[in-house]
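Residue-level structure breakdown
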Amino acid sequence: MRCFIAIWALIFFTRVQDAVAQVSADCDNAIPICNNTPVNGGTNGFGLDDFNGTTTSGCLEEALAGAIESNSAWYRFRTGASGQLGINIGIDTGEDWDFALYQTSDCNNLGDPVRCNFFDNQDGNGFIGIGEDPYGDTNNVQYEDWLQVEPGEDYYLLINNFSNNNSGFSIQFSGQIFVTNPYDALDCSIIDNLLGPPVSACENDTVILDATTVNATNYEWFMDDGSGFQLISGENNATLQVTHSAVYRVRVSLPSGSTVISEVQVAFSALPTAFPITDETICSNSGTYNLSQKNGEVLGSQDLQEFRVGYYASYSDAVNGLHVLPEQYIPEIGTQTIYARVSSLENPRCFDVSQQFQLTVLQNPLLDFPTEVDICEDNSGIAIGDPFPNAAFHYVWDSGETTSSITVSQAGMYTLTATNSLNGEDCTSSLTVTVRVSRPPEISDVIIEDLQNENSVTVITDVEGDFEYRLDDGAYQSTNVFLDVLPGMHTVTVNNRLGCGSVTENIVVVGFPKFFTPNGDNVNDDWHIIGMSNLRDPVVSIFDRFGKLLKSLDSNSTYWDGRFNGREVPSSDYWFKLTYIDDNGQLTTAKYINNHFSLRR
């Protein structure tokens with residue numbers, strides 16, 4: 001049997017042993033229902049086609065039987081107040097049920113449903129309905145939005161068993177309307193019965209059935225607890241106090257000799273007890289807290305198949321059964337009081353909200369400091385870690401230190417763990433700092449593209465690091481390439497941005513042909529260097545592949561015609577060396593010049 005939490009108003013389908021189920025397969029005979037009313041349930045077929053052959057109604061579609069209905073049950077109710085109204089239809093998780101709610105007073109003019117759900121139950125939900133899933137499951141796609149109602153509105157509710165598996169269902173009303181109007185949210189005047197609507201009560205409640213009839217001459221009371229109606233001996237008054245679940249019948253005798261017979265179902269449900277719950281402390285990085293792990297404490301030895309536990313953020317919500325917290329609850333940092341509501345599955349009005357517990361979410365330490373640190377090779381040490389420790393935290397490094405920051409001088413990975421403790425709960429956070437040693441730069445090569453008019457210089461370093469580059473006294477730049485460099489003597493500087501040293505090299509930018517053809521046609525007949533005039537006392541020495549000096553050029557002899565001692569040298573590759581006097585008056589050999597050219601005849 002499946003019954004679920006409601007708010008003051010309850011309609012549930014159960015069996016009083018062999019009592020006849022109050023179910024109507026046709027809209028014209030819809031069962032009138034109102035608040036606090038138990039109703040037996042179960043569907044078998046759909047009787048007449050209430051949709052007259054149409055294949056859709058709102059979200060509902062034609063079923064395998066060739067009609068919208070398969071195994072249907074119809075109910076009607078009238079609102080007695082204004083406010084937010086919801087309906088929870090409890091179903092077996094292995095069955096497929098649909099519903100549609102029509103705002104109308106005429107079965108022949110249903111119109112489109114104001115709420116409708118036709119999703120199959122592949123998620124195995126235990127509820128479909130309007131408003132809020134009683135378990136707080138916000139992902140339940142078989143729930144439609146709350147209904148805002150006004151007094152005197154008539155509604156017809158169709159519940160349809162699409163899967164042909166029929167183990168019954170439950171209906172419970174919910175919503176704020178049952179907080180503001182707990183006794184007249186629904187209008188019970190639509191139920192025309194001497195003994196009134198069926199009664200849902202809790203054990204130890206006083207239930208008095210009243211059959212008072214003008215001019216009655218006699219009253220006889222009967223009870224059917226599953227074995228048929230039996231006369232209750234000695235009960236001949238107009239009222240009857242009942243203490244057992246059963247269907248009760250009264251036979252009223254009138255002076256004319258006629259009789260009035262009325263029946264009503266009375267169901268008593270067990271009243272649960274909430275047991276004390278221990279407080280709980282969790283860490284903020286836990287994410288969600290599973291509230292259901294407290295069910296065993298609050299239920300004690302009571303059977304979870306008979307009682308349900310819900311958890312709420314306020315006492316009033318727990319009393320009214322409103323805004324149940326999801327089982328997978330995401331609490332905020334700090335301490336919060338969680339209120340437990342233990343209620344009967346048969347009748348959620350039978351409940352106990354006497355217990356609560358403190359849920360404390362302890363903040364995991366927030367570690368916020370640089371996780372990548374560079375130091376120089378010749379460093380004296382650098383501080384890493386948290387410079388502003390929290391006195392309530394305990395700190396420990398994987399290297400053994402117990403302070404929030406330490407001084408290191410070696411490359412490596414250093415991990416700090418901070419712990420915040422309360423009520424025996426340790427909440428930790430860790431952060432790893434990677435320390436890198438930054439070396440001073442080294443110039444391994446300077447590539448000079450001597451295109452004579454548009455020279456470029458590229459500085460190469462084999463050392464990895466965060467470097468910047470400068471030509472002469474210009475500004476530093478991030479790229480290692482300099483364009484449009486004028487011929488002459490220059491300095492290139494590579495600087496470590498982290499302050500771990502710099503290096504400077506002197507270079508000479510000159511232009512020279514990569515080949516020459518001394519054949520007397522006045523085209524490339526000699527080999528020479530452009531830019532020598534920008535140097536002090538330059539001397540160019542030309543050698544063959546064996547290192548033999550063939551020619552020396554200076555400011556007075558600026559070219560070579562491809563001869564040695566007046567004789568033509570053969571076509572081949574030749575090399576040269578450029579020397580000059582630097583700014584310090586020292587004889588210097590130019591470095592990084594691609595000192596190779598060809599003679600072609």
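Since this is a predicted model, take the numbers as computed values, not measurements.

Quick look at the sheet that holds strand β31 (residues 394-397) now. The 4 strands lie next to each other as β29-β34-β33-β31, forming an open sheet whose pairing is mixed. The open sheet has two edge strands, β29 (372-376) and β31, and neither has a second partner. Strand-to-strand twist across the sheet, computed as the mean angle between neighbouring axes with direction ignored, equals 25°. Inspection of the sheet shows β29 paired to strand β34 (residues 425-438) by 5 bridges, in the parallel sense. Residue pairing for β34: Glu372 is matched across the bridge by Thr434.

Turning our eyes to something else, we now look at the pattern of salt bridges. One pass over the full model with this rule turns up 14 salt bridges. Here Arg249 ties to Glu263 by a salt bridge, and the two come within 2.5 Å at their closest N and O atoms. Highlighted residues: Arg249 in strand β20 (residues 246-253) and Glu263 in strand β21 (residues 259-269), separated in sequence by 14 residues. Residue classification places Arg249 among the partly exposed residues on the basis of a relative accessible area of 25%. Judged by relative accessible area, which is 35%, Glu263 ranks as partly exposed. A salt bridge links Arg497 to Glu468; the nearest nitrogen and oxygen atoms lie 3.5 Å apart.

The next subject is the state of the cysteines. A complete count under the given rule lists 6 disulfides for this structure. Residue pairing for Cys202: its cysteine sulfur links by disulfide to Cys350, the two sulfurs lying 2.0 Å apart. Between Cys202 and Cys350 the disulfide shows an S-S torsion of about -105°. By sign, it is left-handed. Of this pair, Cys202 sits in strand β15 (residues 199-202) while Cys350 sits in the loop between β26 (334-344) and β27 (351-352), and the two are 148 residues apart along the sequence. In this structure, Cys202 and Cys350 share a single accessibility class: buried. Sequential numbering of the bridged cysteines in the protein gives the disulfide pattern 1-4, 2-6, 3-5, 7-9, 8-11, 10-12.

Rules and cut-offs
- Residues numbered from 1 in each chain as written.
- Predicted model: local features only at pLDDT ≥ 70, side-chain atom pairs only at ≥ 80, totals over all residues.
- Heavy atoms only, no water.
- Pairing = 2+ DSSP bridges.
- Helix = DSSP H or I, 4+ residues; strand = E, 2+ residues; numbered from the N terminus.
- Axes fitted to C-alpha atoms, helices over the stretch in contact; angles between N-to-C directions.
- Salt bridge = Lys/Arg side-chain N within 4 Å of Asp/Glu carboxyl O.
- Buried < 20%, exposed > 50% of the residue type's maximum accessible area, 1.4 Å probe, protein only.
- Disulfide = S-S within 2.5 Å.

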